[in-house]
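# Residue-level structural notes
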Amino acid sequence: MTTLSRRRLLQTGAAAVPAIALGSRPAQAASGSLLVTGVVPAAMAGFDTAMKKFITERDISCAQLAVAKNGKILLARGYGVYTKNSSLIRVQPTSLFRIASLSKNITGAAIARLAQDGKLSLGASVTSLLGLSATADPRLAKVTVWRLLQHTAGWDRGVSPDQLWADHTIAASLGVSLPIDHADIIKWATARKLDFDPGTKYVYSNYGYMLLGRIIEKVSGMSYESYVKQKLLAPAGITRMRLGRSLLAETGTSEVTYTSKFTNKTVLNDSGTVVPYPYGGFNMPNQDANGGWLASAVDMVKWGFVFDKAGTVLNSTSLSRVFAKPEIGVNSNGSWYGFGWSVRNNNVGTLNTWHNGSMPGTFSFLARVQNGVSYCAIFNRREETGSPDFDSIDPILGQAIGTVKTWPTTDLAPRYF
């Protein structure tokens, strides 16, 4: 399975310079053994061995892994330690991490639910839903909810700046003080031309998903976070997840610390102060619908069960929409982008769906593959200059499936939910 690559994706905007990594903490005890928590059945030791090797090779201080099969959580592991309020805290299976773009399938499900409830047409235009002007580019009127969801709306961050990572540029252009907010980002982007005709090609767009968050708020009359929690997460039995904040002081002890060797000028005020990239180098609240959620790996595999079959969150029509092929068809690898998921037919007549997430201080990966197996791994750093490939977690975990001769049957969900 080929993961949606996001390496070096989010270092747009102000130039980053090397710095000492904040939040870095040895993940090993004095004996050299990796500090771990949680449950790994003996039959699934291959997953644990693979994760430990991955973590050690990349000097990762905090990580999680959860593995499920047929609606049961079978493995739940926390790796490493972090420091909060002068206390050394072990990563638990329930510790919270920024999950970055794994947030997109949450937003996609929220849109599907609004359509399911008859509150939204997926063919509606963003201009009509949000009252945006198409004066700068009449093609904006052709940007529909479908096209936002499937990244065919017309924005290309290879041509124009990624709007969610251009805070300094946007503030200077609009003549406003930092921090900017969603309204500022939309005002700046709406005054610019699209980069291609809507519906003609796929180009990954954080901005498109940020707009979907605003549509959810407009249509539901609720905040984006409240709608997701009430209509999606609570019915799925998930209560820990929440939106993240920008600063270390705001994160709480259940959230791990994040590591990066890069810094950036703060986007939270006009001081020009150089800060650790994960803490003020980007605006976490602005990322909400495209990359702002906090979750644990067990939360994410449990969330994945929502997509296994029709239920209280999404009905069969919604699930078919979530995984529908876009108007442009499939890519050269035979895969396509659904509602926050990369999708491909597998060799047993079902669908493999997956996504990863990456921002300074975070790398995450979630997959639902054949035979009812799903897994999520989350780390408190991402691939940076000189570090080994992080996207390889996909085939590594895929290969670990083959090491399981007999799958356990004990569901760990009651232990964590």
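Residues numbered from 1 in each chain as written. Predicted model: local features only at pLDDT ≥ 70, side-chain atom pairs only at ≥ 80, totals over all residues. Heavy atoms only, no water.

## Quick notes on the overall build of the chain
Within the chain, the regular secondary structure consists of 13 helices and 15 strands. Taking 2.2 N^0.38 as the reference for a compact globule, 417 residues should give roughly 22 Å; the C-alpha atoms of the chain span a radius of gyration of 21 Å, in line with that estimate. Projected onto its principal axes, the C-alpha coordinates of the chain cover approximately 65 × 50 × 40 Å. Taking the intrachain contacts of the chain between residues at least 6 apart in sequence as the baseline, contacts between residues at least 24 apart amount to 71%. Of the roughly 15500 Å² that the chain leaves accessible, carbon and sulfur atoms contribute 51%. (Helix = DSSP H or I, 4+ residues; strand = E, 2+ residues; numbered from the N terminus. Rg over C-alpha atoms; globule rule 2.2 N^0.38 Å. Contact = heavy atoms within 4.5 Å. Areas by Shrake-Rupley, 256 points an atom, 1.4 Å probe, with all protein chains shown as cover.)

## Comments concerning helix α8 (residues 224–233)
Listing the buried residues of α8 in full gives Tyr 224, Tyr 227, Val 228, Leu 232 and Leu 233. Buried residues along α8 cover an arc of 145 degrees about the axis, so they all sit on one side. Buried residues in α8 make contact with α2 (103–116), α7 (206–220), β7 (242–243), α9 (288–291), β10 (293–295) and α10 (297–304). (Buried < 20%, exposed > 50% of the residue type's maximum accessible area, 1.4 Å probe, protein only. Arc of directions from axis to C-beta.)

## Topic: the packing of aromatic side chains
Here the structure, examined in full by the defined rule, presents 19 aromatic pairs. Judged by centre distance (6.5 Å) and plane angle (55 degrees), the rings of Phe 47 and Trp 407 are tilted. In this pair, Phe 47 sits in helix α1 (residues 45–57) while Trp 407 sits in the loop between α12 (393–401) and α13 (413–416), placing the two residues 360 residues apart along the sequence. Side by side, Phe 47 and Trp 407 carry an identical accessibility label, which is buried. Ring pairs connect the aromatic residues Phe 54, Phe 363, Phe 379 and Phe 390, which therefore count as one cluster. In this arrangement the basic side chain of Arg 58 is found over the ring face of Phe 54, its NZ or CZ atom lying 3.7 Å from the centre. Lying across the ring of Trp 336, Lys 325 places its NZ or CZ 5.1 Å from the centre. (Phe/Tyr/Trp six-rings, centres within 6.5 Å; stacked < 30°, edge-to-face > 60°. Lys NZ or Arg CZ within 6 Å of the ring centre and 35° of its normal.)

## Observations concerning the environment of Ser 121
Within the secondary structure layout, Ser 121 lies in the loop between α2 and α3 (126–130). Taking the C-alpha atoms as reference, Ser 121 lies 29 Å from Ala 295; in sequence the two are 174 residues apart.

## Describing the packing of helix α6 (residues 182–190) against α7
Geometrically, a packed helix pair is captured by the angle between its two axes and the distance between the axes. Following both chains from N to C, one finds α6 and α7 inclined at 125 degrees, their axes separated by 11 Å at the closest point. Taken as axis vectors, α6 and α7 run oblique relative to one another. Crossing geometry of α6 relative to α7 is assigned as left-handed. On the side of α6, the interface is formed by His 182, Ile 185, Ile 186, Ala 189 and Thr 190, while α7 contributes Tyr 207, Met 210, Leu 211 and Arg 214. For the contact of α6 with α7, the per-class residue count stands at 6 nonpolar, 2 polar and 1 charged. (Axes fitted to C-alpha atoms, helices over the stretch in contact; angles between N-to-C directions. Parallel < 35°, antiparallel > 145°, perpendicular 65-115°, else oblique. Left-handed = near helix turned anticlockwise from the far one by under 90°. Nonpolar A, V, L, I, M, F, W, Y, C, P; charged D, E, K, R; others polar.)

## Brief notes about the packing of helix α5 (residues 167–174) against α6
With their axes 10 Å apart at the nearest point, α5 and α6 run at an angle of 75 degrees to one another. Viewed along their axes, α5 and α6 adopt a mutual orientation that is roughly perpendicular. Contact residues: α5 offers Thr 169, Ile 170, Ser 173 and Leu 174, while α6 offers Asp 184, Ile 185, Lys 187 and Trp 188. Looking at the contact of α5 with α6, its residues break down into 4 nonpolar, 2 polar and 2 charged.

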